[in-house]
Amino acid sequence: MITARKVKLTITENREDGYNFIHNELREQNQALNMAMNHLYFNYVAREKIKLADETHKIKLAEDQGYLDQKYTELKEVKTDKKKQNIRKSIQAAKKRLETLRKAENKQVAEKFKEIIAASEKTNLRDFITDNFNLTSDTKDRLTQKVSADFKNDIVDVLRGERTLRRYKKGNPLYIRGRNLTFYIKDEEYYIKWMKSIVFKCVLGVKKQNSLELQKTLDKVIEGKYKVCDSSIEFKQNSLILNLTLNIPVCNSFDKVEGRVVGVDLGMKIPAYVTLNDSDYIRRAIGSIDDFLKVRTQMQSRRRNLQRALKSTKGGKGREKKLKALNQFEVKEKNFAKTYNNFISSNIVKFASDNKAKQINMEFLSLSETQNKSVLRNWSYYQLQQMIEYKANRVGIKVKYVDPYHTSQICSKCGHYEEGQREKQEVFICKNPECKNFNIEVNADYNASRNIAKSNKYITKKEESEYYKIN
Ligand SMILES: [Zn+2]
């Protein structure tokens, strides 16, 4: 699987030359990208114009030819000289029109475009860049790939007028070749040898956990276990950042049970409730909302205090200090939501691999729906999805999204649906007399989770959902 890591870099030897080279290459590349995009666009539009002009021309010719044929037939059929004369007049006029049309402007326009395009296409995109820019051949290769892919992706929307032609701005990264990056360790520091004999030193950061994780990743790269793919470098807030793209092998080492699926129900009370599609008993409630609530209450009161303190401070150094404290606190709050998602996603994937499941099912939720699924500020369902997908894919488990329609109102035992089966938030009661669970109180989160595990109504967008058709 393909994954990305950010690595802060610095150049220690021949700093100035190194940074100058990167700055120049970056500037040239971005100019080349814009020019290449225009080149592709012009060629495309011109080609389309020729096609259109050709077609319109052909249609007009055919129409007039048809008209002429019709008049000749009429000429044979009419008896009186007067009528014959009239028809002959029409034929004369039509012939003249046809003649003009054959030399028509459309045709000339088309010919002219053909000439221009033939001249411009003589130089393909790469040669065109070579002629106009002084770039290394690797940058040329990468930018040609990039602009061609972007063009393909954008062109339909551009022609529809839904977006403008893409412009590559100053902050765009420099696209580099993975094969040009050689990682090694010297005196317990990580280095990367690049082209033009530039050597980067990796700055591993101050946060211990992040730094350890990055070290582990770099070790795997050096051992050859992770393959380095084409990546990019960029300047962010005066730091040089490598956006390292890696191909990480998926470990399929543990056996999986064919057809076994984990269902995940997210909720207010219990952050995540997990079950299996093929077992009534195996289940787990992940996290306790009480713990999170405690932290949240603490955070809220801290935030209030900070805001109050800020209000009562008129200005100057004191205010600045308090504003900074509030900002730092907000970062902390965001990090808490991330920690929460990390915890839940790890446990969901652990449950799945412990139980040898092949797949994890989650509900496909719209943004407004996800707001009812957590008590946390700044909580992001999207982030949770990304984390689960990443961790699951790493151990060869697929993640799929199912239609959330009726997942909490249907009996997971017999599939019976009836209004009022979920009288209380926590409890589900099946009203089907034939069901084994008839009139028995079942944990509502468990019931929903099992419905999600058993569902095969996979959807990829909101419009496919029964749920959204109703609500
Ligand atoms: Zn039932």
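The structure displayed is predicted, hence computed values, not measured ones. (Residues numbered from 1 in each chain as written. Predicted model: local features only at pLDDT ≥ 70, side-chain atom pairs only at ≥ 80, totals over all residues. Heavy atoms only, no water.)

### Details of the nonpolar core
Here's step 1: In terms of nonpolar packing, the biggest core is built from 34 residues, with V262, V264, I348, I360, M362 and I388 touching the most fellow members.
Here's step 2: Mapped by element, the contributors of at least two residues to this core are strand 9 (261-266), strand 10 (272-276), helix 7 (289-312), helix 8 (316-354), strand 12 (359-363), helix 10 (381-394) and strand 13 (398-402).
Here's step 3: Among the elements that take part in this core, helix 8 stands out by supplying nine residues, more than any other.
Here's step 4: Ignoring anything within four residues of it in the chain, the contact list for I348 reads V264, A272, V274, I286, I360 and I388.
Here's step 5: Grouped together as the second largest cluster of nonpolar side chains are 30 residues, I192, W194, Y226 and L244 included. (Core = buried A, V, L, I, M, F, W, Y, C linked by side-chain atoms within 4.5 Å. Buried < 20%, exposed > 50% of the residue type's maximum accessible area, 1.4 Å probe, protein only. Helix = DSSP H or I, 4+ residues; strand = E, 2+ residues; numbered from the N terminus. Contact = heavy atoms within 4.5 Å.)

### Some remarks on the UniProt feature "domain: Cas12f1-like TNB" (unreviewed entry) in the protein chain
Here's step 1: Feature annotation in UniProt places "domain: Cas12f1-like TNB" (unreviewed entry) on residues 381-452, given in this structure's numbering.
Here's step 2: Summarising residues 381-452: 32% helix, 15% strand, and an end-to-end C-alpha distance of 17 Å. (UniProt positions renumbered as here; feature names shortened; annotations may be inferred.)

### As for the coordination of the zinc ion
Here's step 1: Around the zinc ion, the protein contributes the donor atoms C411 (SG), C414 (SG), C430 (SG) and C435 (SG), at 2.3 to 2.4 Å from the metal centre.
Here's step 2: Counting the intervening residues between successive donors of the zinc ion yields the motif C-x2-C-x15-C-x4-C. Of this pair, C414 sits in the loop between strand 13 and strand 14 (427-429) while C435 is found in the loop between strand 14 and strand 15 (441-443), placing the two residues 21 residues apart along the sequence.
Here's step 3: Exposure remark for C435: the relative accessible area of 9% places this residue in the buried category. (Donors = N, O, S within 2.8 Å, 3.2 Å for Na, K, Ca; no water.)

### Looking at the side chain of N180
Here's step 1: Locating N180 in the fold gives a position in the loop between strand 2 (174-176) and strand 3 (182-186).
Here's step 2: Judged by relative accessible area, which is 16%, N180 ranks as buried.
Here's step 3: Sequence-distant contacts of N180, defined by excluding residues within four places in its chain, comprise D138, K193, W194 and M195.

### A closer look at unusual backbone geometry
Here's step 1: Even without being glycine, N14 reaches a positive phi, approximately 50 degrees.
Here's step 2: In this fold, N14 is placed in the loop between strand 1 (2-11) and helix 1 (15-77).
Here's step 3: The residue E188 is not glycine, and still its phi comes out positive at about 65 degrees.
Here's step 4: On the secondary structure map, E188 appears in the loop between strand 3 and strand 4 (189-193).

### Let's talk about the layout of surface pockets
Here's step 1: Taken as a whole, the largest pocket holds about 1700 Å³ of empty space.
Here's step 2: What lines the largest pocket is a set of 35 residues, among which R5, N210, E213, K338 and N342 lie closest to the centre.
Here's step 3: For the lining of the largest pocket, the secondary structure elements donating two or more residues are strand 1, helix 6 (208-223), strand 8 (239-247), helix 8 and helix 10.
Here's step 4: When residues in the lining of the largest pocket are grouped by element, the largest group, eight residues, is from helix 6.
Here's step 5: A breakdown of the residues in the lining of the largest pocket according to their chemical character gives twelve nonpolar, eleven polar and twelve charged. (1 Å grid on protein atoms, 1.4 Å probe; cavity = no way out; pocket = protein on both sides within 12 Å on 5 of 7 lines; lining within 4 Å. Points joined across faces, edges and corners; volume = space filled by probe spheres on them. Nonpolar A, V, L, I, M, F, W, Y, C, P; charged D, E, K, R; others polar.)

### Some remarks on the packing of aromatic side chains
Here's step 1: Per the counting criterion, the structure on display carries six aromatic pairs.
Here's step 2: Here Y19 and F235 contribute two aromatic rings whose centre-to-centre distance is 6.3 Å and whose plane-to-plane angle is 45 degrees, an arrangement assigned as tilted. Remark: F235 occurs in strand 7 (residues 231-236) and Y19 occurs in helix 1; sequence separation between them is 216 residues.
Here's step 3: F235 sits in the partly exposed class, given a relative accessible area of 26%.
Here's step 4: Ring geometry for Y44 versus F151: centroids 5.9 Å apart, planes at 70 degrees, classification edge-to-face. Of the two residues, Y44 sits in helix 1 while F151 sits in helix 5 (residues 137-160), which places them 107 residues apart along the sequence.
Here's step 5: You can call Y44 partly exposed: its relative accessible area is 24%.
Here's step 6: Members of the aromatic cluster, joined through ring pairs, are F21, W194 and F200.
Here's step 7: The ring centre of Y67 lies 5.7 Å from the NZ or CZ of R97, which sits over that ring.
Here's step 8: K400 extends its terminal NZ or CZ atom over the ring of Y458, reaching a point 4.5 Å from the ring centre. (Phe/Tyr/Trp six-rings, centres within 6.5 Å; stacked < 30°, edge-to-face > 60°. Lys NZ or Arg CZ within 6 Å of the ring centre and 35° of its normal.)

### Observations regarding the domain arrangement of the protein chain
Here's step 1: Considered domain by domain, the protein chain is made up of domain 1 (2-15 + 173-247), domain 2 (18-160) and domain 3 (261-470).
Here's step 2: The C-alpha centroid of domain 3 is placed 35 Å from the C-alpha centroid of domain 1. (Domains from an automatic or database assignment.)

### A word on the sheet that holds strand 11 (residues 283-286)
Here's step 1: Strand order across the open sheet formed by five strands is 11-10-9-12-13, with mixed pairing between neighbours. Each end of this open sheet is capped by a strand with a single partner; those strands are strand 11 and strand 13. The mean angle between the axes of side-by-side strands here comes to 25 degrees, regardless of whether they run parallel or antiparallel.
Here's step 2: Sheet analysis places strand 10 next to strand 11, joined by four bridges and oriented antiparallel. Paired with A272 across the two strands is I286, which belongs to strand 11.
Here's step 3: Lying on the sheet, helix 10 is in contact with strand 9, strand 12 and strand 13; it crosses strand 13 at an angle near 145 degrees. (Pairing = 2+ DSSP bridges. Axes fitted to C-alpha atoms, helices over the stretch in contact; angles between N-to-C directions.)

### Section: the pattern of salt bridges
Here's step 1: Applying the stated rule across the entire model yields 24 salt bridges.
Here's step 2: The salt bridge partner of D138 is R177, with a shortest N-O separation of 3.6 Å. Here R177 lies in the loop between strand 2 and strand 3 and D138 lies in helix 5, a separation of 39 residues in the sequence. In terms of burial, D138 and R177 fall into one category: buried. (Salt bridge = Lys/Arg side-chain N within 4 Å of Asp/Glu carboxyl O.)

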